[in-house]
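What the coordinates show
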Number of protein chains: 2
Amino acid sequence: MAERQERAIRTRESILEAMASLFIEVGYEAATIAALVERTGLTRGALYFHFPTKEAMARGVLARAVTREGILPQTHKLQEWVDLGLLLAYRLPREPMLRAAVQLSVDPRARGLFGTRWPDWIDLGEDLLVEAKERGELLPHAVPAEIARLAVGAWTGVQLVTEALPDRLDLSEEIARLYQLILPNVASIGVLAKLDTSPYRAERLLGPAADADAAGKPLT
Amino acid sequence: MAERQERAIRTRESILEAMASLFIEVGYEAATIAALVERTGLTRGALYFHFPTKEAMARGVLARAVTREGILPQTHKLQEWVDLGLLLAYRLPREPMLRAAVQLSVDPRARGLFGTRWPDWIDLGEDLLVEAKERGELLPHAVPAEIARLAVGAWTGVQLVTEALPDRLDLSEEIARLYQLILPNVASIGVLAKLDTSPYRAERLLGPAADADAAGKPLT
């Protein structure tokens, strides 16, 4: 029984991943169940058993999109806020599900049907920035709600443009540059010097030996 | 003859505007010539006379998207770079053609067919930032190519998120905040104090009595 449930969860996951890839390649509108049948090798019946409609699949993809996965407690809350963005930049090119969620958010038809996860990302960032502010880690004029909102917008657009440019820039490096551009006007001076905005930080945070201490140390 | 040509230009323009609105509302894929016939009141024959395909219309929309319109010579080149972004933020909610061009750039199917105008925007910004750098208006560590690229990404994403959020924020105000966040790490100290990043600046630049001097003065 447990084994059958596990198999069902794996199948469900593989359907979502295949649909995510389709959304990325052709967009929400042009993604069809027929193409999904071809791609997964599953029957229509099996697909419909897990997701009755394409809409249900899109909701399933979006539900995975907001995650604190990989964020470890740090000395400075502002570092955790930076980690949120660096981790997502590292994971996005490697995880079709995350890229599909961004795609569904920028697609006008899909957005009209499902909304976006941007408000959740903004809330997540704002919570961390409010804590950082309370601890005196931010410059006095920095407004957590505004910075959280602008950062989610900037992050999203930098990802889109990076992906579209012929330069084949690394997203982790580009997002690291974005934080390096913004942070001097956000972090108090003492904290700024201690923040790690390396594009390699996310890999260390997610790595098998990762823990808060190791991740806090600069790469030497 | 001249009158007939003028009428043809106006018809061409109204077709592009109607198609731009359709792209915004339903996306590239779902926009149909049938819907365009209904919206413009023109016959299929008349539409095809001006644009043989939907692809041709999309190219027409994208061709209008990059413009220095409204940018006037300023004491500081960095101000002209800021004006580029403020003007676009002011015009975008008022001009479906510009919004449609952004939409076509973020749509994976349309982007695959037509590419995006982001490289042109980045070039335009980089030219201004290189001049600003040569005049000593930038901080020593500021790299024009990187800042131009990050700003186009950030601008695009802030626009997308602003449009999608339920908060109904004003795009000009939000983009002004974005520049206020970035500029302290771009402009040399003396120049920073003299830059105008007011959300009302674009309106003044485009206003009937606008000239370089008037636009350069703060609103009193």
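Residues numbered from 1 in each chain as written. Chains lettered and ligands numbered in written order. Predicted model: local features only at pLDDT ≥ 70, side-chain atom pairs only at ≥ 80, totals over all residues. Heavy atoms only, no water.

As annotated in an unreviewed UniProt entry, chain A is Gamma-butyrolactone-binding protein from Streptomyces ruber.

1. Examining the nonpolar core
The condition that has to hold: We call a set of buried residues a nonpolar core when its members are Ala, Val, Leu, Ile, Met, Phe, Trp, Tyr or Cys and they connect through side-chain atoms within 4.5 Å of each other. For every residue, the accessible area obtained with a 1.4 Å probe (protein chains only) is divided by the maximum for its type, and the residue is called buried under 20%, exposed over 50%, and partly exposed between those limits. The contact rule is simple, with two residues in contact once any of their heavy atoms fall within 4.5 Å.
Counting 96 residues, the largest nonpolar core has Leu78(A), Trp81(A), Ile175(A), Leu78(B), Trp81(B) and Ile175(B) as its most contacted members. Setting aside its immediate chain neighbours within four residues, Trp81(B) contacts Gly125(B), Leu128(B), Leu129(B), Ile147(B), Ala151(B), Tyr179(B) and Leu183(B).

2. A short note on the packing of aromatic side chains
The cut-off we apply is this: The rule is short: rings of Phe, Tyr and Trp, with Trp giving its six-membered ring, pair when the centres are within 6.5 Å, and they are stacked under 30 degrees, edge-to-face over 60, tilted in between. Here, over-ring charges are defined by two tests on the NZ atom of lysine or the CZ atom of arginine: distance to the ring centre within 6 Å, and angle to the ring normal within 35 degrees.
Under the counting rule described, the total for this entry stands at six aromatic pairs over all chains. Seen from their ring centres, Phe23(B) and Tyr28(B) are 5.5 Å apart, and the 40 degrees between their planes marks the pair as tilted. Within the aromatic cluster, the residues linked to one another by ring pairs are Phe23(A), Tyr28(A) and Phe114(A). Sitting above the plane of the Tyr28(A) ring, Lys54(A) keeps its charged end 4.5 Å from the centroid.

3. Some details on the UniProt feature "domain: HTH tetR-type" (unreviewed entry) in chain A
Selection criterion: UniProt positions are given in the numbering used here, feature names are shortened, and annotations may be inferred rather than shown by experiment. Runs of E in the DSSP output that reach at least two residues are strands. Runs of H or I that reach at least four are helices, and both are numbered from the N terminus.
Following the UniProt record, one finds the feature "domain: HTH tetR-type" (unreviewed entry) at residues 9-69 of chain A. Its end C-alpha atoms 20 Å apart, residues 9-69 of chain A is made of 70% helix and 0% strand.

4. Examining the UniProt feature "DNA-binding region" (unreviewed entry) in chain A
Under the UniProt annotation, the feature "DNA-binding region" (unreviewed entry) is placed at residues 32-51 of chain A. Secondary structure content for residues 32-51 of chain A is 75% helix and 0% strand, while the C-alpha to C-alpha distance between its ends is 13 Å.

5. A closer look at the packing of helix H1 (residues 2-26) of chain A against helix H6 (residues 96-106) of chain A
Residue and element names in this part refer to chain A. Quick note on the threshold: The angle between two axes is taken between their N-to-C directions and runs from 0 to 180 degrees, where each axis is a line fitted to C-alpha atoms and a helix contributes only its stretch in contact. Angle categories: roughly parallel below 35 degrees, roughly antiparallel above 145, roughly perpendicular from 65 to 115, and oblique for all the rest. Crossing handedness is defined as follows: a turn of the near helix away from the far one that is anticlockwise and smaller than a right angle gives a left-handed crossing, while the clockwise case is right-handed.
One can describe the packing of H1 onto H6 by two numbers: an axis separation of 8 Å at closest approach and a directional angle of 50 degrees. One way to sum up the angle between H1 and H6 is to call them oblique. Classified by chirality, the crossing of H6 by H1 is left-handed. Contacts between H1 and H6 involve Glu13, Leu16, Glu17, Ala20, Ser21, Phe23 and Ile24 on the former and, on the latter, Pro96, Met97, Arg99, Ala100, Gln103 and Leu104.

6. Overview of the side chain of Lys54(B)
All names here are of chain B. Operational definition: Here the positive residues are Lys and Arg and the negative ones are Asp and Glu; neither His nor the chain ends is included. A pairing counts as a salt bridge when a side-chain nitrogen of Lys or Arg comes within 4 Å of a carboxyl oxygen of Asp or Glu. Whenever two N or O atoms come within 3.5 Å, that pair is a polar contact, provided that in protein one can donate a hydrogen and the other can accept it, and provided that, for residues adjacent in sequence, both atoms are side-chain atoms.
Within the secondary structure layout, Lys54 lies in helix H4 (residues 54-63). Buried and unpaired, Lys54 has no salt bridge, with Glu29 as the nearest side chain of opposite charge at 5.7 Å. A distance of 2.9 Å separates the side chain of Lys54 from the backbone oxygen of Ala31, its partner in a polar contact. Discounting chain neighbours no more than four positions away, the residues touching Lys54 are Met19, Phe23, Tyr28, Glu29, Ala31 and Ile33.

7. A word on the relation of the copies chain B and chain A
Note the following rule: Copies are brought into register by a least-squares superposition over C-alpha atoms of residues with pLDDT of at least 70 in both.
With an axial shift of 0.0 Å and an RMSD of 0.0 Å, the rotation relating chain B to chain A amounts to 180 degrees. Taken together, the turn and the small shift mark the pair as related by a two-fold rotation axis. Interface residue correspondence from chain B to chain A reaches 100%, placing this contact among same-surface, isologous pairings.

8. Describing the interface of chain B and chain A
When the parts of a complex come together, some accessible area is lost, and that lost area is often used as the size of the interface. As a reminder, the rule being used: Here the buried area means the combined drop in accessible surface, using a 1.4 Å probe, for two parts upon being joined, counting both sides.
Between chain B and chain A, the contact holds 40 residues from the first and 40 residues from the second. Between chain B and chain A lies a buried interface of about 3300 Å² when both sides are counted; carbon and sulfur atoms form 70% of it. In terms of surface lost to chain A, no three residues of chain B exceed Arg149(B), Leu150(B) and Leu181(B), which account for 20% of the buried area on that side. Between chain B and chain A we count six salt bridges in total.

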